[in-house]
Amino acid sequence: MSAPILEVQNVTMRFGGIVANRNVSFSVEEGAITALIGPNGAGKTTMFNCITGFYRASEGRILLKGDGGDEDIGDLVTRPISGGSHLVTRAGIARTFQNIRLFKEMSVVENLLVAQHRATRNGILSGVLRTSAFRRAEREAIDRAYYWLAQMGLVEDANRLAGELPYGRQRRLEIARAMCTSPRLICLDEPAAGLNPSETRELAQVIQRLCSDHDQTVLVIEHDMGLVMRISDHIVVLDHGEVISDGTPEHVANDAAVVAAYLGVSEEEVQA
Ligand SMILES: Nc1ncnc2c1ncn2[C@@H]1O[C@H](COP(=O)(O)OP(=O)(O)OP(=O)(O)O)[C@@H](O)[C@H]1O
């Protein structure tokens, strides 16, 4: 196994009296596809929001590992004045959303350019003065946008309004948008939700190619178990906010605790 790129260490997340995640620990291996699964309300989206900097975990640490040292996601989110989820994106974690969040009134290619603008460090002054560094960054952003449109089979849609694309294409555009920020880790929140079987098959290939062709590390939340079992190298199962199983697809599929959580019965009943 390769080294972990992300380590979730004893994370608890509370909303008032509700404990959405309790003492959750797991790691995400570099270059692999890790799936976070569990029944409705298990705490998957909350965990994603902690990892991508939308929430600051109540307890525990989330570390993005790097050669130059580890980035503590909680520290990036709460850094005075400049802190926030944009720093998590800059550190190398990008995401897509359960409910697609594209700029629907912008063209497909504009969606990709806006995403890169937010991830680059060019200031307003360099834009107004159109410095050579700014113009170079602009050219690179356009090249990168068309590269990811090509990878996602969306080049012919470049100038259409994002909101006019069929749903499956919007999902792929969201992935392209995240990839345009050159993330070290991409987090996909229920990418197959609302897709038909043929769109889901295409999506599976897209996700697998991110890993095989681009050495991309992927963390995915997904309810479609066929898809999860087909594409994942590693699966972490949450139930009632806690990790109940962690291992290969074969390991979790045969784990009585997982079967019990999905069937809504006790582990003893499954083993009986
Ligand atoms: N902002 C919030 N305020 C209060 N409670 C919340 C909040 N977000 C999530 N919860 C609660 O935390 C628990 C876990 O929710 P979460 O959305 O993380 O689960 P999930 O596994 O993603 O569910 P689903 O598969 O249905 O999307 C639930 O009981 C939910 O009601």
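These numbers come from a predicted model, not from an experiment.

Engineer: Got a minute to help me understand the overall build of the protein in this structure?
Structural biologist: In terms of regular secondary structure, the protein is built from twelve helices and ten strands. For the protein, whose C-alpha radius of gyration is 19 Å, the value lies close to the compact-globule estimate of 19 Å for 272 residues. Overall size of the protein, expressed as C-alpha extent along the three principal axes, is 70 × 45 × 35 Å. Each of the 272 residues in the protein was classed as buried or not, and the buried ones make up 38%. Put simply, 65% of the contacts in the protein that link residues at least 6 apart link residues at least 24 apart.

Engineer: What should I look at first to understand the site of the ligand in this one?
Structural biologist: Around the ligand, the neighbouring residues are Phe15, Ile18, Ala20, Gly38, Asn40, Gly41, Ala42, Gly43, Lys44, Thr45 and Thr46. Of all the secondary-structure elements, those providing two or more residues to the shell around the ligand are β2 (18-29) and α1 (44-51). Per-element accounting of the shell around the ligand gives the leading share, three residues, to α1. Residue composition of the shell around the ligand, grouped by class: four nonpolar, six polar and one charged.

Engineer: Just to check I follow, could you spell out helix α8 (residues 197-214) for this structure?
Structural biologist: Because an α-helix packs 3.6 residues into every turn, residues spaced three or four apart end up facing the same way. Relative to the 26 Å expected for 18 residues at 1.5 Å per residue, α8 spans 25 Å between its end C-alpha atoms, a close match to the ideal helical length. By the largest-angle criterion, Gln208 marks the main kink of α8, which is about 25 degrees. Of all the residues in α8, the buried ones are Thr200, Leu203, Ile207 and Leu210. Each element contacted by the buried residues of α8 is listed here: β3 (33-37), α7 (167-179), β7 (185-189), β8 (217-221) and α9 (225-231). Trailing α8 by a residue or two, Asp215 shows a phi angle of about 50 degrees, which is positive.

Engineer: Would you take a moment to explain the nonpolar core for this structure?
Structural biologist: Side chains of nonpolar character tend, in soluble globular proteins, to be buried together. In this structure, Ile51, Ala176 and Ile186 are the most contacted members of the largest nonpolar core, which totals 69 residues. Lining this core are residues from two domains, each supplying at least three of them: domain 1 (1-92 + 183-272) and domain 2 (102-182).

Engineer: What should I look at first to understand the packing of α7 against α8 in this one?
Structural biologist: When two helices pack together, their arrangement is given by the angle between their axes and by how far apart the axes lie. Viewed as axis vectors pointing N to C, α7 and α8 meet at an angle of 15 degrees, and their least axial separation amounts to 10 Å. Taken together, the axes of α7 and α8 are roughly parallel relative to one another. Crossing of α7 over α8 shows right-handed handedness. In contact with Gly168, Arg171, Arg172 and Ile175 of α7, α8 contributes Glu199, Glu202, Leu203 and Val206. Along the lines of polarity and charge, the residues of the contact of α7 with α8 split into three nonpolar, one polar and four charged.

Criteria and thresholds
- Residues numbered from 1 in each chain as written.
- Predicted model: local features only at pLDDT ≥ 70, side-chain atom pairs only at ≥ 80, totals over all residues.
- Helix = DSSP H or I, 4+ residues; strand = E, 2+ residues; numbered from the N terminus.
- Rg over C-alpha atoms; globule rule 2.2 N^0.38 Å.
- Buried ≥ 20, exposed ≤ 12 C-beta atoms within 10 Å, placed from the backbone.
- Contact = placed C-beta atoms within 7 Å.
- Near = placed C-beta within 6 Å.
- Nonpolar A, V, L, I, M, F, W, Y, C, P; charged D, E, K, R; others polar.
- Expected span 1.5 Å × (residues − 1).
- Bend = angle between axes of the 7 residues up to and from the residue.
- Core = buried A, V, L, I, M, F, W, Y, C linked by C-beta atoms within 7 Å.
- Domains from an automatic or database assignment.
- Axes fitted to C-alpha atoms, helices over the stretch in contact; angles between N-to-C directions.
- Parallel < 35°, antiparallel > 145°, perpendicular 65-115°, else oblique.
- Left-handed = near helix turned anticlockwise from the far one by under 90°.

Geometric descriptors of this kind do not, in isolation, establish any biological role.
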